[in-house]
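Results of the structural survey
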Amino acid sequence: MRKVALYFLVSAIIQVCCSLFIGTIWSLMTDSFDMSGEKLITISAISSIITIIVFVAAKWTPVKRILQGKKLRESACWSAILAVSIIIPSMLLEALIPEAWKKDILEDVFKMILQSPWGYLQIGILAPIAEEIVFRGAIQRTAANYFEEKGVKNFKWKAILLSAVLFAIIHGNPAQIPHALLMGVLLGWMYSRSGSIIPCVIVHWVNNSIGFAQYFLFPESYDMTAIELFASETVWRIMAWTLLSLYFFYRAIASLNKVWKKEETNNLP
């Protein structure tokens, strides 16, 4: 488990060091220590790029072409459908969580990033790749191998839960933890079944892209709850959209499971 701790600490240290080093240089060059969207985007983007380079170069996340051809196309298609299908159910589920548990301490930070089109480079592209490389490709894979060697029962699910918890913690924002935890479990299952981070990156990318587009086009929606967003809809229409989403969620899960049936390997979670 030392390697799991190492991977988590390295990813956290990279974020902190980039924030301090790049933030200080930026402030000295601009004669301003105020935080801005451009500054935040630059820090986050460089942090993600360094993380990707370090984990790939150190071979902490093996680069393998496990999914190819038809399997890759089918995986990509159903992964995108899966990402879209969980939007409404997750919003309704989030509405059940007490507000006291969802304190958004990074609200101003996210708003500054989301207000700029360049913010999509980090939120929509670099973050999904970097986070999947760290939490699925390195942490979950290593934890699963460790648990299996120790003869731990249900080692795959224990590795999935561990990576999901660490994935939620690294976000450092109570408002994101419930969603990040659930997404971490889903992404962990996808990695476990497919043996590839590509489907995980696609789901992560679609999820973040929709969130970015929602705020960029409708900034007022950031602080709105699911009840407020669906206020103009009737109960029956909400139920219909929810059932339709759940249907496509089931279809996506079943189809992906079928595509990946022969892809599981013993050395992956």
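Residues numbered from 1 in each chain as written. Predicted model: local features only at pLDDT ≥ 70, side-chain atom pairs only at ≥ 80, totals over all residues. Heavy atoms only, no water.

**What about the overall build of the protein chain?**
Along the protein chain, the regular secondary structure elements total 11 helices and 0 strands. Secondary structure elements of the protein chain occur, N-terminal to C-terminal, as α-α-α-α-α-α-α-α-α-α-α. In terms of C-alpha radius of gyration, the protein chain reaches 19 Å, essentially the compact-globule figure of 18 Å for 269 residues. Once the C-alpha set of the protein chain is aligned to its principal axes, its extents read approximately 55 × 50 × 35 Å. Taking all 269 residues of the protein chain together, 43% fall into the buried category. Counting only contacts in the protein chain whose residues sit at least 6 apart along the sequence, the fraction spanning at least 24 positions is 82%. For the protein chain, the computed accessible surface area is about 14900 Å², with 68% contributed by carbon and sulfur atoms. Distance between charge centres in the protein chain, computed from 24 positive and 19 negative side chains, equals 18 Å. (Helix = DSSP H or I, 4+ residues; strand = E, 2+ residues; numbered from the N terminus. Rg over C-alpha atoms; globule rule 2.2 N^0.38 Å. Buried < 20%, exposed > 50% of the residue type's maximum accessible area, 1.4 Å probe, protein only. Contact = heavy atoms within 4.5 Å. Areas by Shrake-Rupley, 256 points an atom, 1.4 Å probe, with all protein chains shown as cover. Lys, Arg positive; Asp, Glu negative; His and termini not counted. Charge placed at Lys NZ, Arg CZ, Asp CG, Glu CD.)

**Here we look at the nonpolar core**
Core analysis: the biggest nonpolar cluster contains 48 residues, and Phe55, Leu82, Phe135, Ile139, Met190, Val203 and Trp260 have the highest contact counts within it. Secondary structure elements with two or more residues in this core: α1 (2–30), α2 (37–57), α3 (69–85), α6 (119–149), α7 (155–170), α8 (177–194), α9 (198–217) and α11 (235–259). The biggest single contributor to this core is α6, with 9 residues. Counting 8 residues, the second largest nonpolar core, distinct from the first, contains Ile41, Ile123, Phe212 and Tyr215. (Core = buried A, V, L, I, M, F, W, Y, C linked by side-chain atoms within 4.5 Å.)

**Quick look at the packing of aromatic side chains**
Within this structure, the stated rule accounts for 10 aromatic pairs. Centroid distance Phe55 to Trp60: 5.0 Å. Interplanar angle 80°. Geometry classified as edge-to-face. Take Phe55 and Trp60: they sit in the same class, and that class is buried. Their ring planes at 65° and their centres at 5.9 Å tell us that Tyr146 and Phe147 sit as a pair that is edge-to-face. Classification of Tyr146 by relative accessible area gives partly exposed; the value is 29%. Taken together, the ring pairs in this structure connect Tyr7, Phe55 and Trp60 into an aromatic cluster. In this structure, Arg136 is placed above the aromatic ring of Phe167, and the distance from its NZ or CZ to the ring centre is 4.6 Å. (Phe/Tyr/Trp six-rings, centres within 6.5 Å; stacked < 30°, edge-to-face > 60°. Lys NZ or Arg CZ within 6 Å of the ring centre and 35° of its normal.)

**Quick word on the confidence of the model for the protein chain**
With 92% of its residues at a pLDDT of at least 70, the protein chain reaches an overall mean of 87. Across the protein chain, the secondary-structure element scoring lowest on mean pLDDT is helix α10 (residues 226–229), at 69, and the one scoring highest is α6, at 95. Below pLDDT 50 for its whole length, residues 265–269 participates in 17 contacts with residues either more than four positions away or in separate chains. (pLDDT = per-residue confidence, 0-100.)

**Digging into the state of the cysteines**
All chains considered together, the criterion is met by 0 disulfides. The thiol of Cys17 is not disulfide-bonded; the next cysteine sulfur, from Cys18, is found 7.1 Å away. (Disulfide = S-S within 2.5 Å.)

**Examining the pattern of salt bridges**
Scanning the entire structure with this criterion turns up 2 salt bridges. When the shortest N-O distance is used, the salt bridge between Lys70 and Glu74 registers 3.9 Å. In this pair, Lys70 and Glu74 both sit in helix α3, 4 residues apart, roughly one turn of the helix. The shortest N-O distance in the salt bridge between Glu132 and Arg136 comes to 2.8 Å. Of this pair, Glu132 and Arg136 both sit in helix α6, separated by 4 residues, roughly a single helical turn. For the pair formed by Glu132 and Arg136, the shared burial category is buried. (Salt bridge = Lys/Arg side-chain N within 4 Å of Asp/Glu carboxyl O.)

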